[in-house]
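Residues per chain are reported as follows:
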Amino acid sequence: MTFLDRILETKKQEVKKLRSMIPYSVWEEKMALMPQPNSFVQALSNQSPLALIAEIKKASPSKGVIASDFDPIAMAKSYEAGGAHALSVLTDEQYFQGSTAILQSVRAVTDLPILRKDFIIDEWQIYEARAIGADAVLLIVAALTDDQLVSLYRTVQSIGLEALIEVHSLEEWERIRPLHPRIVGVNHRNLHTFEVDLSMTERLSQVIDEDILLISESGIRDHSDVMRVKDFGAKGILVGETLMRYGSEHVKQGIAHLLFGANYK
Ligand SMILES: O=P(O)(O)OC[C@@H](O)[C@@H](O)c1c[nH]c2ccccc12
């Protein structure tokens, strides 16, 4: 069993519980109370040198605890002050020590678009994302069948959210191509083995249409990595660990270093 298989087993149990606890009518009521979502795609378009999605992540199965004095609210404020164009918030509890409560508390302090970062396998998680104030959700192609992808993508769109569809191979890109996504995430980290390979962006950028926002995800450590994926064709980056390790007090400077390099004053 790979890491992804194990996580998906847990998700199935969680979704079963969520479905038994909350009927659709409750989501309907909660969603109706939410303000219009902010466009994730719009916030990330045409940014220079590229778009930054800054991630709020306490821990991960590959790295253990990343942020020991984890303060998601302070982090969100610093990310915004540092010029991040959107935020990603982990809501998985068991493997990433995230939660929907963290996303809600971040929502309360920022107007930046927020991506719900989780392993989405069921529409209930999408309704929940909308109800807690997310603007977009992650759909991981490796975790879904073609039928699931199509139906979850439709659900996302039907309630006015956006999806960041994540691929890790040419085959996965071919599977989502018919959906005509406006934005695609290329994950450098293999979710079965956790190996990181930055050249994944290079390979996929050769086949992903020019007008799609290509977001390079995972394992970006410094300015040279950023320039590398930009040269490969990335229009944006999604960065968690590198920024989290700066802590909320230093991350503004950390973003500047990441995007502009050591010459930044
Ligand atoms: O912390 P990193 O290496 O900068 O990675 C961020 C993000 O890409 C990563 O958290 C991620 C990408 N896809 C995922 C899917 C599920 C959970 C986590 C992820």
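Since we're looking at a predicted model, the values are computed, not measured. (Residues numbered from 1 in each chain as written. Predicted model: local features only at pLDDT ≥ 70, side-chain atom pairs only at ≥ 80, totals over all residues.)

(A) A look at the overall build of the protein. Counting its secondary structure elements, the protein contains 12 helices and 10 strands. Once the C-alpha set of the protein is aligned to its principal axes, its extents read approximately 55 × 40 × 35 Å. The long-range fraction of contacts in the protein, counting pairs at least 24 apart against all pairs at least 6 apart in sequence, stands at 68%. (Helix = DSSP H or I, 4+ residues; strand = E, 2+ residues; numbered from the N terminus. Contact = placed C-beta atoms within 7 Å.)

(B) Quick look at helix α6 (residues 123-131). Within α6, 9 of the 9 residues are buried, which leaves it mostly tucked inside the rest of the structure. All of the buried residues in α6 are Glu123, Trp124, Gln125, Ile126, Tyr127, Glu128, Ala129, Arg130 and Ala131. Elements in contact with the buried residues of α6: α1 (3-21), α2 (24-32), α5 (100-107), β5 (114-117), β6 (136-140) and α7 (146-158). (Buried ≥ 20, exposed ≤ 12 C-beta atoms within 10 Å, placed from the backbone.)

(C) Spotlight on the site of the ligand. Near the ligand, the surroundings consist of 15 residues, among which Glu217, Ser218, Val239, Gly240 and Glu241 are the closest. Within the residue set of the shell around the ligand, elements represented by two or more residues are β10 (236-239) and α11 (241-244). Looking at the shell around the ligand residue by residue, the class counts come to 4 nonpolar, 5 polar and 6 charged. (Near = placed C-beta within 6 Å. Nonpolar A, V, L, I, M, F, W, Y, C, P; charged D, E, K, R; others polar.)

(D) Expanded view of the nonpolar core. Membership of the largest hydrophobic core comes to 72 residues, with the highest contact counts inside it found for Leu87, Leu115, Val137, Leu139, Ile215 and Ile237. Every residue in contact with Leu87, bar those within four places of it in the chain, is listed here: Ile53, Ala54, Ile56, Ala76, Tyr79, Val106, Thr110, Leu112, Ile114 and Leu115. (Core = buried A, V, L, I, M, F, W, Y, C linked by C-beta atoms within 7 Å.)

(E) Layout of the UniProt feature "domain: Indole-3-glycerol phosphate synthase" (unreviewed entry) in the protein. On the UniProt side, "domain: Indole-3-glycerol phosphate synthase" (unreviewed entry) is annotated at positions that read residues 4-247 here. End C-alpha atoms of residues 4-247 are separated by 28 Å, and the span's content is 41% helix alongside 18% strand. (UniProt positions renumbered as here; feature names shortened; annotations may be inferred.)

(F) View of the confidence of the model for the protein. Across the protein, the average pLDDT comes to 96, with 99% of residues at or above 70. Our summary of model confidence lists the complex with pTM equal to 0.97 and ipTM equal to 0.98. (pLDDT = per-residue confidence, 0-100.)

(G) Local environment of the sheet that holds strand β1 (residues 51-56). Taken together, the 8 strands give a closed barrel; going around it, the order is β1-β4-β5-β6-β7-β8-β9-β10, and neighbouring strands pair in parallel fashion. Geometrically, the sheet is characterised by an average inter-axis angle of 25° between neighbouring strands, direction not taken into account. Relative to β6, β5 runs parallel, the two sharing 2 bridges. Within the sheet, the bridge partner assigned to Leu115 lies in β6 and is Ala136. (Pairing = 2+ DSSP bridges. Axes fitted to C-alpha atoms, helices over the stretch in contact; angles between N-to-C directions.)

(H) Region of the structure containing the pairing of strand β4 (residues 86-90). Counting buried positions over the 5 residues of β4 gives 5, a clear majority of the element. The two faces of β4 match: Ala86, Ser88 and Leu90 on one face and Leu87 and Val89 on the other face are all buried. In terms of strand pairing, β1 meets β4 through 4 bridges, oriented parallel. Following the sheet pairing, Glu55 is matched in β4 by Ser88. As judged from the 4 bridges shared by β4 and β5, these two strands associate in the parallel manner. Opposite Val89, over in β5, you have Arg116 as the bridge partner. Regarding topology, α5 serves as the crossover connection from β4 to the parallel β5, and that connection is right-handed. (Right-handed = clockwise from strand over helix to strand, strands pointing away.)

(I) Layout of the environment of Leu238. Relative to the helices and strands, Leu238 is located in strand β10. Leu238 sits in the buried class, given 27 other C-beta atoms within 10 Å. Between the alpha carbons of Leu238 and Asn187 there is a distance of 9.2 Å; along the sequence they are 51 residues apart. Those residues in contact with Leu238 that lie beyond four places of it in its chain are Ile53, Glu55, Ser88, Gly185, Ile215 and Glu217.

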